[in-house]
Amino acid sequence: MPGTARLAVVGTSGYAFTYLQRARDLHEEGCAEFVGACDIREPSANALALLPPGTRVHSDIEAMMRAARPDVVVVVTPPHAHRSIAAAVLRANGDLLVETPPVLDLDGYDELAALIAESGRICQTGFQSFGSAALPLLAQAIASGELGEVVGVGAAGAWVRTDAYYARNPWAGRRWLDGQAVVDGALTNPFSHAVATALLVAGMAERDPSDITLELFGTRDLEADDTACLRLRFDAGPEIVVAASLCAEQDHEPYVVVHGTEGRAKFWYKTHRLEINDEHVPVAPPTDLLRNLLEHRDDPSTPLLAPLSATRAFASVVQAVRDAPEPAPIPDGWIRTVGDGPGRHPVVRGIGEEVAVAAERLALFSEIGVPWAGPGRWWRRVHRVPVTP
């Protein structure tokens, strides 16, 4: 089709493999021309099989930009590589979809935002929940006063993560690697969507928090937290509390809950279920963010659903977690080990219920009486983020 965008993907393994599949599907549909890939490692045979005939894999992003001349680049690399690769794409006049977390501090956010403004290019982020058709329905309910005044937004998530999860790559469970920030904690990677979605629903996504309070805990000998609670406050607007753990008995479906003076709403962002005042609301299928980017390129009146601008407050959260003290250990008496070998995983007693209580009460673990989060077992830090004039 005329004007079909030339598309490339940076990364070929792990989650990046799914983008190779989507790029090939778009290529076959005639919605894009899949022209290149990039990876510092040798791609697998399965990854290579997804490339159209004649499509090369490059080991350097700048070489790929010169040789393949892509219009749109998807960046699906380890988090600490996002900023530099995204900047290289923008400097080469490419539009961009960068996976989560898009950047790891406000300096990274400001650099990419400046490049977007200077180049006029487009930057979509990989927060898939932002493509949910539930969000406009929820926004309408809030704007119409159906919930009354929104006083707070909570989010909760509890999953199982085994030893194999942390052994899958060198940066898993790390805050730093070879001098670079990684920040692979519960709030900043696995449950980054819970944090970012809560900020978006609250209308605070583009604002600087005035206070960030963190309670970070760990059950393993890792740099990063695997159980955490976060409170965000702003100079005006609802407060946000997110509680999350990777040490549950079983996976719980994560959600965002909106607390209003006249009602409440609950949004399960992975399955796009929505309840408003305890009534199920039918929701259309979600919009794929890569397709949305391509459609926005063709017709700017089509809104970009997950722009970088909607992740500023989230970048503040990642920076605060990066700069926080090490997670406090949860005492052994509250942990039991399930399984063995690569399937081994710790279970924190009652954590599935405790993250839910924190989201419902808009309270930190220490405030809801979690025994191991009491005095001497937790740290709490208020992080003041300078407000941009």
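Residues numbered from 1 in each chain as written. Predicted model: local features only at pLDDT ≥ 70, side-chain atom pairs only at ≥ 80, totals over all residues. Heavy atoms only, no water.

Student: Give me helix 8 (residues 192-202): which residues, what numbers.
Tutor: With 10 of 11 residues buried, helix 8 lies mostly within the body of the structure. Three or more residues of helix 8 are buried, namely Ser-192, His-193, Ala-194, Val-195, Ala-196, Thr-197, Ala-198, Leu-199, Val-201 and Ala-202. Where helix 8 ends, the next residue or the one after it, Gly-203, has phi of about 80°, a positive value. (Buried < 20%, exposed > 50% of the residue type's maximum accessible area, 1.4 Å probe, protein only. Helix = DSSP H or I, 4+ residues; strand = E, 2+ residues; numbered from the N terminus.)

Student: Summarise the pattern of salt bridges; cite the residues concerned and give the values.
Tutor: Per the counting criterion, the structure on display carries 22 salt bridges. Taking the shortest distance from any N to any O, the salt bridge between Arg-83 and Asp-105 comes out at 3.8 Å. Placement of the pair is Arg-83 in helix 4 (residues 79-91) and Asp-105 in the loop between strand 5 (95-98) and helix 5 (106-119), with a sequence separation of 22 residues. Residue class for Arg-83 comes out partly exposed when judged on its relative accessible area of 30%. Notably, a salt bridge pairs Arg-174 with Glu-223, separated by 3.3 Å at the nearest N-O pair. On the criterion of sequence distance, the pair formed by Arg-174 in the loop between helix 7 (163-166) and strand 8 (176-177) and Glu-223 in the loop between strand 10 (211-218) and strand 11 (227-233) is long-range, its members being 49 residues apart. When salt bridges that share partners are traced, they join Arg-83, Arg-91, Asp-105, Glu-111, Arg-322 and Asp-323 into one network. (Salt bridge = Lys/Arg side-chain N within 4 Å of Asp/Glu carboxyl O.)

Student: Which residues make up the packing of aromatic side chains, and what are the values?
Tutor: In total, this model carries 9 aromatic pairs according to the counting rule given. Note on Tyr-15 and Tyr-19: the rings are 5.7 Å apart at their centroids and 85° apart in plane angle, and the pair reads as edge-to-face. A residue is classified by how much of its surface remains accessible, and Tyr-15, at 38% relative accessible area, is partly exposed. Tyr-19 gets classed as buried once you look at its relative accessible area, which sits at 2%. (Phe/Tyr/Trp six-rings, centres within 6.5 Å; stacked < 30°, edge-to-face > 60°.)

Student: For the environment of Glu-28, give the residues involved together with the corresponding values.
Tutor: By the secondary structure assignment, Glu-28 is in helix 1 (residues 16-29). Linking Glu-28 and Ala-313, residues 285 residues apart in sequence, is a C-alpha distance of 38 Å. Here Arg-24 takes part through its side chain, which lies 2.7 Å from a polar atom of the side chain of Glu-28. (Polar contact = N/O pair within 3.5 Å; in protein donor to acceptor, adjacent residues only side chain to side chain.)

Student: Give a detailed account of the UniProt feature "domain: GFO/IDH/MocA-like oxidoreductase" (unreviewed entry) in the chain, specifying residues and quantitative values.
Tutor: According to UniProt, the feature "domain: GFO/IDH/MocA-like oxidoreductase" (unreviewed entry) maps to residues 138-265 in the numbering used here. Helix makes up 16% of residues 138-265 and strand 41%, whereas the separation of the span's terminal C-alpha atoms amounts to 8 Å. (UniProt positions renumbered as here; feature names shortened; annotations may be inferred.)

Student: Mind laying out the nonpolar core, listing which residues take part and the relevant values?
Tutor: Counting 81 residues, the largest nonpolar core has Leu-187, Leu-199, Leu-214, Leu-230, Ile-240 and Val-242 as its most contacted members. With 7 residues, helix 8 is the single largest residue contributor to this core. Both domain 1 (6-128) and domain 2 (133-286 + 308-382) contribute no fewer than three residues apiece to this core. (Core = buried A, V, L, I, M, F, W, Y, C linked by side-chain atoms within 4.5 Å. Domains from an automatic or database assignment.)

Student: I'd love a proper account of the packing of helix 5 against helix 10 (residues 312-323), names of residues and values included.
Tutor: At a minimum axis distance of 8 Å, the contact between helix 5 and helix 10 shows a crossing angle of 150°. It follows that helix 5 is roughly antiparallel to helix 10 by the angle criterion. Residues Leu-106, Asp-107, Tyr-109 and Asp-110 of helix 5 pack against Arg-312, Ala-315, Ser-316 and Gln-319 of helix 10. Residue composition of the contact of helix 5 with helix 10, by class: 3 nonpolar, 2 polar and 3 charged. (Axes fitted to C-alpha atoms, helices over the stretch in contact; angles between N-to-C directions. Parallel < 35°, antiparallel > 145°, perpendicular 65-115°, else oblique. Contact = heavy atoms within 4.5 Å. Nonpolar A, V, L, I, M, F, W, Y, C, P; charged D, E, K, R; others polar.)

Student: Describe the domain arrangement of the chain, with residues and values.
Tutor: Splitting the chain by domain gives domain 1 (6-128) and domain 2 (133-286 + 308-382). The gap between the C-alpha centroids of domain 1 and domain 2 is 28 Å. Between domain 1 and domain 2, the contact holds 21 residues from the first and 21 residues from the second. Across the domain 1/domain 2 interface, buried area totals approximately 1900 Å², and carbon plus sulfur atoms make up 66% of it. Where domain 1 packs against domain 2, one counts 2 salt bridges. In this assembly, domain 1 and domain 2 are joined by 5 residue pairs in polar contact (both at pLDDT 80 or more). Taken together, the elements giving at least two residues each to the side of domain 1 that touches domain 2 come down to helix 4, helix 5 and strand 6 (123-125). No other element matches the 7 residues that helix 5 contributes to the side of domain 1 that touches domain 2. Of the residues belonging to the side of domain 1 that touches domain 2, the class tally is 13 nonpolar, 5 polar and 3 charged. (Buried area = accessible area lost by both parts, 1.4 Å probe.)

Student: Tell me what's going on with the UniProt feature "domain: Gfo/Idh/MocA-like oxidoreductase N-terminal" (unreviewed entry) in the chain, and back it up with residues and numbers.
Tutor: Those residues carrying the UniProt feature "domain: Gfo/Idh/MocA-like oxidoreductase N-terminal" (unreviewed entry) are residues 6-127 in this numbering. End-to-end, the C-alpha atoms of residues 6-127 are 23 Å apart, and along that stretch the chain is 44% helix and 21% strand.

Student: Hey, could you go over the sheet that holds strand 2 (residues 32-38) for me, with residue numbers and the actual values?
Tutor: What the 6 strands build is an open sheet, ordered 3-2-1-4-5-6; its pairing is parallel. Looking at which strands have only one partner, the edges of the open sheet turn out to be strand 3 (56-58) and strand 6. Here the strands of the sheet are splayed against their neighbours by 25° on average, with no regard to which way each runs. Sheet topology note: the strand 5/strand 6 ladder contains 3 bridges and is parallel. (Pairing = 2+ DSSP bridges.)

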